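# An overview of the molecular structure
Read off the chains here:
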Amino acid sequence: SILPVIMAGGSGTRLWPLSRAGYPKQFLVLSGNESLFQLAARRLADLAAPDFDVSAPCIVGNDEHRFLVLDQLREIRQEPSSVLLEPKGRNTAPALTLAALAALEGGDDPVLVVTPADQTVTDAAAFKAALQDAVRIAAEGAITILGITPDRPETGYGYVRTQAEAGGLAVAQFVEKPNLETAQRYLAEGGYYWNSGMFVLRASVWVKALERFRPDILAATRAAWDARKTDDKFVRPGKAEFAAVPSESVDYAVMERCPGTDIPLRMVALDAGWNDLGAWEAVWQVAEKDEAGNAFVGDALIADSRNTLVHATSRLVGVVGLTDIVVVETADAVLVSDRARSQEVKQIVNRLGAEQ
Ligand code: GDD
Ligand code: MG
């Protein structure tokens, strides 16, 4: 069977001040009328087809957001198979390990369709076809990532170089978050894809890969899993044990290390209008805009401005004569930023620390 796994434990700090510790971006409505998390859950349920038996999703997220997860799923008429609750995020490798251990509990070895909770896709049919391809390949034992054709030297993504192989594409090289110079070189050379952050693999293949590359993460997460407490759909790994798990992303822990080993890493290209809503710039990119390129949400009045995003949540916001600016208003904080530099909002959040 196929088990969707949604990783929903990130903090989304670059979308401050809308994204907060208690209400991070994956649970916000930023595009259309459902939250990014709801859009992800819906896309996964839509993978179902006569020969694609898709189970209810497994959600891995922060304990603090457990009711957001349940309520938002209920709103779209979904029930999770389980909600694995981290006391504190240890990045995606431990999160996926919890999901794999939970999936293997039943004696089954399902194909996990793992996705972030903070992306948008515009072409649902292309998404479904690519993911179903990836499921077929992963069922045979490979880790299969979904790759995107890059259009700029983005340094916040992983890059993969592929190599044609019988029945598809093998990943010859995986480089997580290269520096700008390297990313520019990859774009100039061509033949590279971005890692979308979505991937498909059997639960046992993940465990095997960790045994090979990061047995420390596997052992520590297993200890936390063995100390778990279950409360209906909520499963809580042992708190002290989980805090001791090394914090690492799936990309550094496993993906980068696969090429050239006997853990096959393959790629399926995804051409479905993918966007990772990492920062305000990306939110502006996917937003509906007027003739002058302005996008606004909430009570906003825009005069003589171009390519500007105004997001108002609690007050009327008026802007005049702005170009390429982002304005985000909330009840207790306001952000005004150069649109092209919206990634740097992280600096402000870092200064705010845990208070944000
Ligand atoms: N449960 C849980 N616990 N989820 C987490 C945690 C955690 O500790 N940390 C992050 N997540 C979730 C986030 O909410 C997000 O949905 C997903 O995992 C990916 O994490 P990010 O923190 O957004 O990763 P990234 O953007 O730096 O990089 C990844 O995604 C890129 C594409 O968007 C990598 O996979 C890159 O290679 C990739 O290009
Ligand atoms: Mg991300």
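Preceding this paragraph is the structure being described.
Described in the following lines is the structure provided in the data block. Here the structure is a predicted model, which means the values were calculated and not measured.

### Digging into the overall build of the protein chain
Scanning the protein chain for helices and strands turns up 11 helices and 19 strands. For the protein chain, the C-alpha radius of gyration of 20 Å lies close to 21 Å, the compact-globule estimate for 356 residues. When each of the 356 residues of the protein chain is scored for burial, the buried share is 54%. In the protein chain, of all internal contacts separated by at least 6 residues, the share reaching a separation of at least 24 is 67%. Separation of charge centres in the protein chain, based on 35 positive and 47 negative side chains, amounts to 4 Å.

### Section: helix α6 (residues 203-213)
Buried residues of α6: A203, V205, W206, V207, A209, L210 and F213, and no others. Tucked into the core, α6 has its buried residues touching α3 (92-105), β4 (111-116), β6 (143-148), β9 (192-202), α7 (215-226) and α9 (250-253).

### What to know about the site of ligand 1
Taken together, 27 residues sit near ligand 1, with E86, E176, K177, N195 and D276 positioned nearest. V60 places a polar main-chain atom, nitrogen or oxygen, 2.9 Å from a nitrogen atom of ligand 1. Between ligand 1 and the protein, one listed contact pairs an oxygen atom with a side-chain N or O atom of K177 at 2.8 Å. Protein burial of ligand 1: of its 740 Å² of free accessible surface, 87% is covered by the chains. Every element with two or more residues in the shell around ligand 1 is listed here: β2 (58-62), α3 and β9. Grouping the amino acids of the shell around ligand 1 by side-chain chemistry returns eight nonpolar, 12 polar and seven charged.

### Overview of the packing of α3 against α6
Where α3 contacts α6, the two axes come as close as 9 Å, and the packing angle between them is 130 degrees. Taken as axis vectors, α3 and α6 run oblique relative to one another. α6 is crossed by α3, and the crossing has left-handed handedness. For the pair α3 and α6, contact is made by A93, L96, T97, A100, A103 and L104 and by A203, S204, W206, V207 and L210, respectively.

### Structural notes on the packing of α6 against α7
One can describe the packing of α6 onto α7 by two numbers: an axis separation of 6 Å at closest approach and a directional angle of 120 degrees. The pairing of α6 with α7 is recorded here as oblique in orientation. Between α6, through V207, L210, E211, R212 and F213, and α7, the contact on the second element is made entirely by P215, I217, L218 and R222.

### A few points about the pattern of salt bridges
Taken as a whole and assessed by the stated rule, the structure comprises 22 salt bridges. Among the salt bridges present, the one from R74 reaches E79, with a minimum N-O distance of 3.8 Å. A salt bridge links R341 to E344, with the shortest nitrogen-to-oxygen separation between them at 2.8 Å. Among the charged side chains, a network of salt bridges with common partners joins D63, R66, D231 and R236.

### Let's talk about the sheet that holds strand β14 (residues 295-297)
Spatial ordering of the open sheet is given by β14-β16-β18-β19, a layout of four strands whose pairing is mixed. In the strand order of this sheet, the two ends are held by β14 and β19 (334-338), each with one partner. On average, each strand axis in the sheet is inclined to that of its neighbour by 5 degrees, with strand direction left out of account. When strand β18 (residues 325-329) meets β19, the two strands line up antiparallel, connected through five bridges. Across the sheet, residue V328 finds its bridge partner in β19, namely L335.

### A closer look at the nonpolar core
Formed by 48 residues in total, the largest nonpolar core has its most connected members in L84, L112, I143, I145, W206 and V254. Broken down by element, this core gets its largest block of residues, nine residues, from α3. Apart from the residues within four sequence positions on either side, I145 is in contact with V160, V171, F174, N195, M198, F199, M255, L265, R266, M267 and V268. Counting 46 residues, the second largest nonpolar core, distinct from the first, contains L85, V175, F234 and A272.

The rules we used
Residues numbered from 1 in each chain as written. Chains lettered and ligands numbered in written order. Predicted model: local features only at pLDDT ≥ 70, side-chain atom pairs only at ≥ 80, totals over all residues. Heavy atoms only, no water. Helix = DSSP H or I, 4+ residues; strand = E, 2+ residues; numbered from the N terminus. Rg over C-alpha atoms; globule rule 2.2 N^0.38 Å. Buried < 20%, exposed > 50% of the residue type's maximum accessible area, 1.4 Å probe, protein only. Contact = heavy atoms within 4.5 Å. Lys, Arg positive; Asp, Glu negative; His and termini not counted. Charge placed at Lys NZ, Arg CZ, Asp CG, Glu CD. Near = heavy atom within 4 Å. Polar contact = N/O pair within 3.5 Å; in protein donor to acceptor, adjacent residues only side chain to side chain. Areas by Shrake-Rupley, 256 points an atom, 1.4 Å probe, with all protein chains shown as cover. Nonpolar A, V, L, I, M, F, W, Y, C, P; charged D, E, K, R; others polar. Axes fitted to C-alpha atoms, helices over the stretch in contact; angles between N-to-C directions. Parallel < 35°, antiparallel > 145°, perpendicular 65-115°, else oblique. Left-handed = near helix turned anticlockwise from the far one by under 90°. Salt bridge = Lys/Arg side-chain N within 4 Å of Asp/Glu carboxyl O. Pairing = 2+ DSSP bridges. Core = buried A, V, L, I, M, F, W, Y, C linked by side-chain atoms within 4.5 Å.

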